[in-house]
Amino acid sequence: MKDHILAYYVFFNKKSSNQMNHLYKITALVIALLVGISFSHATPPPDDGKFVVVLDAGHGGEDPGKVSHGYNEKDIALKIVLAIGKELEKDPKIKVVYTRKTDVFVELVERGRIANKANADLFISVHCNAHNSNASGTETYVLGLHGNKKNFEVAKSENEVIFLEDNYKTNYAGFDINSPEATINITIGQEENLSQSIELAKYIQNKFTNALKRKNRGVKQAAFVVLHQTIMPSVLIETGFITNTEERNFLKSTNGQSKISHAIVEAIYTYKTMLEENTGSVLLDISAPVATPITEINKEELPSANGISFMVKIASSTRNLPLKPENFNGLSPISQEKSGTMYKYFYGETRSYDRAKVLLTQAKTAGFKDAYVVAYKNGEKISVANALKSASN
């Protein structure tokens, strides 16, 4: 932007030195500044296929998060996030977006908007845990129902920040953070990304456990509001217990923050490599028997009068693979859908849900262990439950 301002100022100032008075020079500078402002608000250029990672430092501003012995969760989370970003930004193939880079309060709904607007490939939210016991260890969450009371308590603690927001009743209508039994509306996009979120969470926990020798509390599911707002693979990392003396000392130290951030960066690269080198959301079992190809589906099995059809989602990858059976362990026909930098691959198409379950079994037998059935109505993706309901009407 500075270059644009300078160019416009030099251009107009050169003309004014020969033809105009001092007032014209001032006017030229104002015009140049205004042009510069317009450039600064222009739509940013495309990312040229860069892998977009959104980093979210939990809490901030008037929301300190957990507090123990004078140390705030918000400060530790921010330092870890900035360290992750600094390392990732060295890679020209990765674009890093932050929900906050300073000690400011950002609404949970806004954090999701930032990630969605950036068309992110990953959303990573960093936090610290707390408990009234001497609990220790790391755990990484993906979006889902609470499952048990412990998961609920962790999610409730992180979700309570919404009460600092002016419009929380509107922003989170129907989301009761005080009810362990409350269900949440998981969108189709979130449903599709769950297996990839779990894979990333596993990589993170493995790095914490094997490289840092931290206690592994596992990969868990819970109804975190911040994860509910995103439409890409997303995880929330509890990097340790700020209420545990040993872990607090590790979390607050520069050495500890460096080790944690590096472990997360390595997990991101492991995940990214998996997407680039493999078609499945997990490494394919190359010893699996090749499924008998279905090379043709009868036309009468394609979408019926009510517009409902079923397919089997088998893989996501950053690679644009030729849709040949040999690239998908013998499965055919394969179709493809592009979303951001990702290519999604589907096996078969049928109007019969029973037939779709047969296709699903074949996909799993071929090595696509995380395959699942998806549904469409008149070309628009809908939940399988709604498709079955529509089909029965």
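This text follows the structure it describes.
All of these numbers come straight from a predicted model, not from anything done at the bench. Residue positions within a chain follow its written sequence, with the count starting from 1. For this predicted model, a pLDDT threshold of at least 70 governs which residues receive local features, and a threshold of 80 or more governs which side-chain atom pairs are given and counted, while totals over whole chains, interfaces and linings are taken from all residues. Side-chain metrics in this entry use all non-hydrogen atoms of the structure; hydrogen atoms and water are not considered.

K.L.:
Summarise the side chain of T138; cite the residues concerned and give the values.
P.N.:
Under the scheme used here, helices are H or I runs from DSSP no shorter than 4 residues and strands are E runs no shorter than 2 residues, and both carry numbers assigned from the N terminus. Along the chain, T138 falls in strand 6 (residues 138-143). Contact criterion: two residues are considered in contact whenever any of their non-hydrogen atoms come within 4.5 Å of each other. Once you skip the residues sitting within four places of it in the chain, T138 turns out to touch Q205, F208, R214, K215, N216, R217, G218, E238, T239 and G240.

K.L.:
Talk me through the packing of aromatic side chains; I want residue IDs and the actual numbers.
P.N.:
Paired rings are identified among Phe, Tyr and Trp, the last through its six-membered ring, by centres lying within 6.5 Å, and are further divided according to the angle between planes into stacked (under 30 degrees), edge-to-face (over 60) and tilted (the rest). Overall, the coordinates contain 3 aromatic pairs when judged by the stated rule. An angle of 65° between the planes, with centres 4.9 Å apart, marks the rings of Y141 and F224 as edge-to-face. Of this pair, Y141 sits in strand 6 while F224 sits in the loop between strand 7 (216-222) and helix 8 (225-228), placing them 83 residues apart in sequence. Considered together, Y141 and F224 belong to a single accessibility category, that of buried residues. When a residue's accessible area, from a 1.4 Å probe over protein chains only, is under 20% of the maximum for its type it is buried; when over 50% it is exposed; and in between it is partly exposed.

K.L.:
With reference to specific residues and values, describe the side chain of E139.
P.N.:
Looking at the secondary structure, you find E139 in strand 6. We call two N or O atoms a polar contact when they sit within 3.5 Å, provided that within protein one can donate a hydrogen and the other can accept it, with sequence-adjacent residues counted only if both atoms are side-chain atoms. Within polar-contact distance, the side chain of E139 engages the side chain of N129 at 2.9 Å.

K.L.:
Residues and numbers for the sheet that holds strand 1 (residues 51-57), please.
P.N.:
Here 6 strands make up an open sheet; going across it, the order is 4-1-5-8-6-7 and the pairing mixed. Among the strands making up the open sheet, the edge pair consists of strand 4 (94-98) and strand 7. Adjacent strand axes in the sheet meet at a mean angle of 20°, parallel and antiparallel pairs treated alike. Relative to strand 5 (residues 122-129), strand 1 is paired through 5 bridges, and the arrangement is parallel. Counterpart to V54 in the pairing with strand 5 is F123. Here, axes are lines fitted to C-alpha atoms. For helices the fit covers the stretch in contact, and angles between N-to-C directions go from 0 to 180 degrees. Packed on one face of the sheet, helix 3 (residues 73-88) meets strand 1, strand 4, strand 5 and strand 8 (234-241) and runs near 160° to strand 1. Lying on the sheet, helix 9 (residues 245-252) is in contact with strand 5 and strand 8; it crosses strand 8 at an angle near 120°. At least two bridges found by DSSP between two strands are what make those strands a pair.

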